[in-house]
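# A structural walkthrough
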Amino acid sequence: MTKWEYVTVPLLVHATKQILDTWGEDGWELVQVVPGPNPEQLVAYLKRAKA
């Protein structure tokens, strides 16, 4: 059975792609994006299989 680890990452609207590309290169997969505490910020939930 696969075991997962998770992380939440703040996303700035003007740099979303760059931030997600950086995490993706480290093996993280985007699960969901939800609104953050203000209109300029989102929060991404990511997962990857534990080593």
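Residues numbered from 1 in each chain as written. Predicted model: local features only at pLDDT ≥ 70, side-chain atom pairs only at ≥ 80, totals over all residues. Heavy atoms only, no water.

### Here's the deal with the nonpolar core
One finds Val7, Val9, Leu11, Ala15, Ile19, Trp28, Ala44 and Leu46 forming the largest nonpolar core, which totals 8 residues. Of all the secondary structure elements, the ones that give two or more residues to this core are β1 (4-12) and β3 (41-49). At 3 residues, β1 tops the list of elements feeding residues into this core. For Leu46, the contacting residues outside a window of four places in its chain are Glu5, Tyr6, Val7, Val9, Leu20, Trp23, Trp28, Glu29, Leu30 and Val31. (Core = buried A, V, L, I, M, F, W, Y, C linked by side-chain atoms within 4.5 Å. Buried < 20%, exposed > 50% of the residue type's maximum accessible area, 1.4 Å probe, protein only. Helix = DSSP H or I, 4+ residues; strand = E, 2+ residues; numbered from the N terminus. Contact = heavy atoms within 4.5 Å.)

### Regarding the environment of Leu20
Inspection of the secondary structure assignment puts Leu20 in helix α1 (residues 16-25). With sequence-adjacent residues up to four places away left out, Leu20 is seen in contact with Leu11, Leu30, Ala44 and Leu46.

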